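# Chains, contacts and geometry: an overview
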Amino acid sequence: MQTPTANLYLVGFMGVGKTTVGRAVAQRLGFRLLDSDHEIERQAGKPIPEIFAQEGEAAFRAREREFIAVGHPAQGCVVACGGGLVVPPGMLELVQQRGVVVCLHASLATICQRTASSRNRPLLEAADRVERIRSLFAQREPIYQRAGTLILTDNRPLGEVIAHVVRAYRREASEWEQQQRQPMA
């Protein structure tokens, strides 16, 4: 059987470990790691908080859509997606058309701890940061639940999470690639 080359998209709330896990998974698979937020910053020539301040969230989401649709290779990549990338209508389906989707998940307490010192998250700039996280998480969780295999990242060794993601990818990538070869009805 041929080794899968379908892209792997890691989705989930901010602070669940998408970039950290993605880096290790990409290395294990021999893939390239792309972080959607970093790629958008690179293409825009400015950091995300500046994009939000100057252009607004809608413009940032349009940049995310363009990145997923045409802004990266069609195979051989692990893509660590921004926390809100799959939230707008149609985005989850677009990502699922592009490759295998795995959703990383963590508790609210873990997310609050992991994002506490970050200043590069404009959606968390609020008087009550914990309440803002709780509210965003509640809005997004139903979408994350539909995204794909769900893997918990808190209170687990990184190596265990990585191994679980690789297993899920290998299992699902073969099926995904086979579906892509099926003639359209």
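Here, every reference points to the structure presented above.
From a predicted model like this one, the values you see are computed outputs, not experimental measurements.

Attention now goes to the overall build of the protein chain. Scanning the protein chain for helices and strands turns up eight helices and five strands. Helices (α) and strands (β) of the protein chain occur, in sequence order from the N terminus, as β-α-β-α-α-α-β-α-β-α-α-β-α. Rg of the C-alpha trace for the protein chain: 16 Å, near the compact-globule value of 16 Å for 185 residues, within the 12% margin. Viewed in the frame of its principal axes, the protein chain has a C-alpha envelope of about 55 × 35 × 30 Å. Residues classed as buried in the protein chain amount to 48% of the 185 residues present. By sequence separation, contacts in the protein chain at least 24 residues apart represent 77% of the contacts at least 6 residues apart. Of the roughly 9400 Å² of accessible surface on the protein chain, a fraction of 51% belongs to carbon and sulfur atoms. Counting 23 positive and 19 negative side-chain charges, the protein chain places the averaged centre of each group 4 Å from the other.

What follows is about helix H8 (residues 158–181). Helix length check: H8, at 24 residues, gives a terminal C-alpha distance of 34 Å against a target of 34 Å (1.5 Å per residue), a fit within 8%. The largest bend in H8 amounts to roughly 25° and is located at Glu172. Regarding H8, the residues found buried are Val161, Ile162, Val165, Val166, Ala168, Tyr169, Glu172, Ala173, Ser174, Trp176 and Glu177.

What follows concerns the nonpolar core. Ranked by size, the top nonpolar core spans 54 residues in total, and within it Leu8, Phe13, Val25, Val102 and Val165 carry the most contacts. Among the elements that take part in this core, H8 stands out by supplying eight residues, more than any other. The residues contacting Val165, other than those within four sequence positions of it, are Leu8, Leu10, Val21, Val25, Val102, Leu104 and Ile151.

To continue, consider the sheet that holds strand E4 (residues 99–105). Reading across the sheet, the five strands line up as E2-E3-E1-E4-E5 and stay open at both edges, with parallel pairing between neighbours. Strands at the two margins of the open sheet, each flanked by one partner only, are strand E2 (32–35) and strand E5 (149–152). Going from strand to strand, the sheet's axes swing by 25° on average, the running direction of each strand aside. Taken together, the four bridges between E4 and E5 define a ladder with parallel strand orientation.

Glancing now at unusual backbone geometry. You will see that Asn155, though not glycine, has its phi angle at about 60°, which is positive. Note on placement: Asn155 falls in the loop between E5 and H8. A relative accessible area of 79% means that Asn155 is categorised as exposed.

We now examine the packing of helix H3 (residues 48–55) against helix H4 (residues 57–70). In contact at an axis separation of 7 Å, H3 and H4 are set at 125° when each is read in the N-to-C sense. The pairing of H3 with H4 is recorded here as oblique in orientation. Contacts between H3 and H4 involve Ile48, Ile51, Phe52 and Glu55 from the former and Glu57, Ala59, Phe60 and Arg63 from the latter. In the contact of H3 with H4, the residues fall into five nonpolar, no polar and three charged.

Rules behind the numbers
Residues numbered from 1 in each chain as written. Predicted model: local features only at pLDDT ≥ 70, side-chain atom pairs only at ≥ 80, totals over all residues. Heavy atoms only, no water. Helix = DSSP H or I, 4+ residues; strand = E, 2+ residues; numbered from the N terminus. Rg over C-alpha atoms; globule rule 2.2 N^0.38 Å. Buried < 20%, exposed > 50% of the residue type's maximum accessible area, 1.4 Å probe, protein only. Contact = heavy atoms within 4.5 Å. Areas by Shrake-Rupley, 256 points an atom, 1.4 Å probe, with all protein chains shown as cover. Lys, Arg positive; Asp, Glu negative; His and termini not counted. Charge placed at Lys NZ, Arg CZ, Asp CG, Glu CD. Expected span 1.5 Å × (residues − 1). Bend = angle between axes of the 7 residues up to and from the residue. Core = buried A, V, L, I, M, F, W, Y, C linked by side-chain atoms within 4.5 Å. Pairing = 2+ DSSP bridges. Axes fitted to C-alpha atoms, helices over the stretch in contact; angles between N-to-C directions. Parallel < 35°, antiparallel > 145°, perpendicular 65-115°, else oblique. Nonpolar A, V, L, I, M, F, W, Y, C, P; charged D, E, K, R; others polar.

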